[in-house]
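Geometric and topological summary
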Amino acid sequence: MRPLLNILRRLLTASPGAMARGALLAVLVLIMGAALLGLSGWFITATGVAGLAGIGIAFDVFRPSAGVRLLALGRTAARYGERLLTHDATLRALAVLRVDLLRRQAGQGARPLMRLRGEAALTRIVADVDALDGLVLRLFLPALAALVTHAVAFAMLAWLSGLPVAVAVAAGYLPGAALALWWLGRRAMAPSETGERQAQALRTGLIDAMRDRAALVLSGGLLGREAALAGHDADARAAARELDRLDRRAGVALAALSSVAATLALLAGGWLVSLGGSPAPAAIGFFVALALAEALPPLRRGVGELGRMVAAARRVDITAPETGGGAAPASDGPLLVVDDGALSVRVEPGDGVALTGPSGAGKTTLLLKIAGLWPAGGARIAIAGTAPADWPEAALRDTLTLVPQRSVLIGGTIRDNLTLAAPPGTTDDALWQALDAVDLAPALRGRDGLDTLLGEGGAGLSGGQARRLTLARAILRRPRLLLLDEPTEGLDDATAARVLDGLRAALPDTAILATLHRNAGHRVFAECKRVVL
């Protein structure tokens, strides 16, 4: 439960003013509802007693009726304000939670982030944050409002109707409600979590099936995938049916509590009347007991979803991000050594090494291993004498840069994309130098220069231009070791030659290790033998 409490604290502190006003209005709605029914009950009873006593003509009906109208209108206004403020505050809090989650995930470093690239992990994160929107609206605020309202009702009943009536109402509600909600939360924990897990599996599986439908048809796997999706759907529906059954049972128990509390209040009020008390004040407890039933149904839904919330909170409430501190290991040996039996590579500063071989030979995997983004397995890999997994995260990223085969760009300007990697204080002249090095500056000078606007994913550039922009971004990092996965893909031979020359001129002391199908004989790699996988 600690992760759930941590998330609740974040949500409440994200917009405390709006949350406090919403909570106040939620309490006011219940109190005004109980006061409305209590005053109405007193008014009816007092009017009847006055009529029986023959003094109905002298009974003041105007002030009680005005109070009834005031409470009715006030309750409606408070309900509207409560909905508006609590939902607004919750949406603001969830926005803060999303930013906090992304910031913490980004601080985990490259290795954990690699595990989040799949659609299953991203879908789970989105669904988990969505699941937590009920933590405040359907659990915390209803529970707080119910407790405060019952406390206020107890005090007012003890004052107006007598302590026996107040005790009767509290005894009729609180123990039974606590027991019923505890039973619901305990029994609903497993089906709530299972239903959410199966729903996410169904959603992810459906997306995968739509994306891979052609391959599934050709391989004959469509029926198997359909059966798997049907299984997830059946499990999710079974969990939903179990939750519905438990919810109905808890609803019956909570509805019975209203009758029990009202009966006890009526008996206590009758006992006070038999001792000489006034019937009208004694009747207030009966009607207030009926009104207090309004506080329990919102809690029932929140408690029923508790398992889903707890599971989501465990995944969202990640530990504090790695600081990434620590200096780079010192070594007098080679900058990079790779030895896995069939392959042996030794790279010094300023070297250029081309890895060639057919598709599927493991060239990209080797780069990922060197970058510390893939388990090394049986291969011996050392950067400055230390395995990638033993490097401090920040120091490793400062030492090497990996440019994958797929260009990763964001919607925004050319400057936005470059400054993602540029050190603070990098000038526009330095950005243009990096663009010149990859032969991209002439094309951009004919447009809006660094302010050229790109669409999502770098839309607005050709494939080759996008490739060169990511290479320019790598130049700005000025790493000691540059890992390139097919850097000349999508470039003609002349442009590829200029780009490789520009890379070497911009980074004369950087060791370059590149996987290549073409241009492996370029002079950047002429001084080192090619390595064939």
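This one's a predicted model, so the numbers in the text were calculated from it and none came from an experiment.

**Quick look at the overall build of the chain**
Helix and strand counts for the chain stand at 19 helices and 10 strands. The C-alpha atoms of the chain give a radius of gyration of 35 Å, which is well past the 24 Å a tight globule of 533 residues would have. Reported as C-alpha extents along the three principal axes, the dimensions of the chain are approximately 115 × 50 × 45 Å. In the chain, which comprises 533 residues, the proportion classed as buried is 45%. Long-range contacts, defined here as pairs at least 24 residues apart, represent 81% of the contacts in the chain between residues at least 6 apart. Measuring between centres, the 56 positive side-chain charges of the chain sit 7 Å from its 46 negative side-chain charges.

**Here we look at the packing of aromatic side chains**
In the structure shown here, the tally under the stated rule is 1 aromatic pair. Pairing Phe286 with Phe287 gives two aromatic rings, centres 5.3 Å apart and planes at 85 degrees, and the pair type is edge-to-face. The ring of Trp432 carries the charged tip of Arg445 above its face, separated from the ring centre by 4.6 Å.

**Examining the layout of surface pockets**
By volume, the second largest pocket amounts to about 380 Å³. If you go around the second largest pocket, you meet 17 residues; those closest to its centre are Arg79, Glu82, Arg83, Pro142 and Pro298. Those elements that place two or more of their residues in the lining of the second largest pocket are α2 (16–53), α3 (62–106), α6 (134–160) and α11 (297–304). Its residues assigned to classes, the lining of the second largest pocket comprises 9 nonpolar, 2 polar and 6 charged.

**Overview of the pattern of salt bridges**
Counting across every chain of the model gives 18 salt bridges. A salt bridge links Arg477 to Asp398, with the shortest nitrogen-to-oxygen separation between them at 3.8 Å. Linking Arg477 in helix α18 (residues 463–477) with Asp398 in helix α14 (residues 393–399), this pair joins segments that are 79 residues apart in sequence. Where Arg445 meets Asp436, a salt bridge forms, and the shortest distance between an N and an O atom there is 3.4 Å.

**Describing helix α9 (residues 222–274)**
In a regular helix each residue adds 1.5 Å, so 53 residues correspond to 78 Å; α9 covers 78 Å between its end C-alpha atoms and thus fits that length. Looking at the residues trailing α9, positive phi occurs at Gly276, about 105 degrees.

**A look at a nonpolar patch on the surface**
Side chains of Leu144, Val148, Val152, Met156, Trp159 and Leu160 sit close together on the surface and give an oily, nonpolar patch of about 520 Å² of accessible area. Counting through the fold element by element, Leu144 comes out in helix α6.

**A word on the sheet that holds strand β4 (residues 380–383)**
What the 3 strands build is an open sheet, ordered β2-β1-β4; its pairing is antiparallel. With partners counted over all chains shown, the strands left at the sheet margins are β2 (344–347) and β4, one partner each. Averaged over all neighbouring strand pairs, the angle between strand axes comes to 0 degrees, with direction disregarded. Where strand β1 (residues 336–339) and β4 come together, 4 bridges link them in antiparallel fashion. Its bridge partner lying in β4, Leu336 is registered against Ile383.

**Some words on the environment of Leu290**
Within the secondary structure, Leu290 sits in helix α10 (residues 279–291). Judged by its relative accessible area of 34%, Leu290 falls in the partly exposed class. C-alpha of Leu290 to C-alpha of Leu366: the two residues are 76 residues apart in sequence and 71 Å apart in space.

**Some points on α18**
Compared with an ideal rise of 1.5 Å per residue, which puts 15 residues at 21 Å, α18 spans 22 Å between its outermost C-alpha atoms and is within 8% of the ideal. Summarising burial for α18: 13 of the 15 residues are buried, a large majority. Phi turns positive one or two residues past the end of α18, at Arg478, with a value near 50 degrees.

**Regarding the packing of α9 against α10**
For the pair α9 and α10, interaxial distance at closest approach is 8 Å and the crossing angle is 175 degrees. On the basis of their axis angle, the class for α9 and α10 is roughly antiparallel. Touching Ser258, Ala261, Ala262, Ala265, Leu266, Gly269 and Val273 of α9 are Pro279, Ala282, Gly285, Phe286, Ala289 and Leu290, all from α10.

**Remarks on the confidence of the model for the chain**
Scored by pLDDT, the chain has a mean of 83; 90% of the residues are at 70 or more. Strand β10 (residues 531–532) is the least confidently modelled element of the chain, averaging 56 in pLDDT, while helix α16 (residues 428–437) averages 92, the highest of any element. Note that pLDDT drops below 50 for residues 319–324; the model gives that stretch 14 contacts with residues more than four away or on any other chain.

**A short note on the packing of helix α7 (residues 163–211) against helix α12 (residues 306–316)**
Packed helices, taken two at a time, are described by the angle between their axes plus the distance between the axes. For the pair α7 and α12, interaxial distance at closest approach is 6 Å and the crossing angle is 60 degrees. Classified by the interaxial angle, the pair formed by α7 and α12 is oblique. The handedness of the crossing between α7 and α12 comes out as right-handed. Packed against α7, whose contacting residues are Met189, Ser192, Glu193, Glu196 and Gln200, the element α12 presents Leu306, Gly307, Arg308, Val310, Ala311 and Arg315 at the interface. Taken together, the residues that form the contact of α7 with α12 break down as 4 nonpolar, 3 polar and 4 charged.

**Concerning the side chain of Arg138**
Tracing the sequence through the fold places Arg138 in helix α6. Excluding anything up to four places from it in sequence, Arg138 contacts Asp133, Pro298, Leu299, Arg301, Gly302 and Glu305.

**Description of the nonpolar core**
Core analysis: the biggest nonpolar cluster contains 62 residues, and Ile7, Leu11, Leu135 and Tyr173 have the highest contact counts within it. No other element matches the 10 residues that α7 contributes to this core. If you look at the next biggest cluster of nonpolar residues, it comprises 40 residues, including Ala354, Leu409, Leu444 and Leu471.

Quick notes on the rules
- Residues numbered from 1 in each chain as written.
- Predicted model: local features only at pLDDT ≥ 70, side-chain atom pairs only at ≥ 80, totals over all residues.
- Heavy atoms only, no water.
- Helix = DSSP H or I, 4+ residues; strand = E, 2+ residues; numbered from the N terminus.
- Rg over C-alpha atoms; globule rule 2.2 N^0.38 Å.
- Buried < 20%, exposed > 50% of the residue type's maximum accessible area, 1.4 Å probe, protein only.
- Contact = heavy atoms within 4.5 Å.
- Lys, Arg positive; Asp, Glu negative; His and termini not counted.
- Charge placed at Lys NZ, Arg CZ, Asp CG, Glu CD.
- Phe/Tyr/Trp six-rings, centres within 6.5 Å; stacked < 30°, edge-to-face > 60°.
- Lys NZ or Arg CZ within 6 Å of the ring centre and 35° of its normal.
- 1 Å grid on protein atoms, 1.4 Å probe; cavity = no way out; pocket = protein on both sides within 12 Å on 5 of 7 lines; lining within 4 Å.
- Points joined across faces, edges and corners; volume = space filled by probe spheres on them.
- Nonpolar A, V, L, I, M, F, W, Y, C, P; charged D, E, K, R; others polar.
- Salt bridge = Lys/Arg side-chain N within 4 Å of Asp/Glu carboxyl O.
- Expected span 1.5 Å × (residues − 1).
- Patch = residues over 30% accessible without salt bridge, like charges linked within 9 Å, V, L, I, M, F, W, Y side chains within 5 Å.
- Areas by Shrake-Rupley, 256 points an atom, 1.4 Å probe, with all protein chains shown as cover.
- Pairing = 2+ DSSP bridges.
- Axes fitted to C-alpha atoms, helices over the stretch in contact; angles between N-to-C directions.
- Parallel < 35°, antiparallel > 145°, perpendicular 65-115°, else oblique.
- pLDDT = per-residue confidence, 0-100.
- Left-handed = near helix turned anticlockwise from the far one by under 90°.
- Core = buried A, V, L, I, M, F, W, Y, C linked by side-chain atoms within 4.5 Å.

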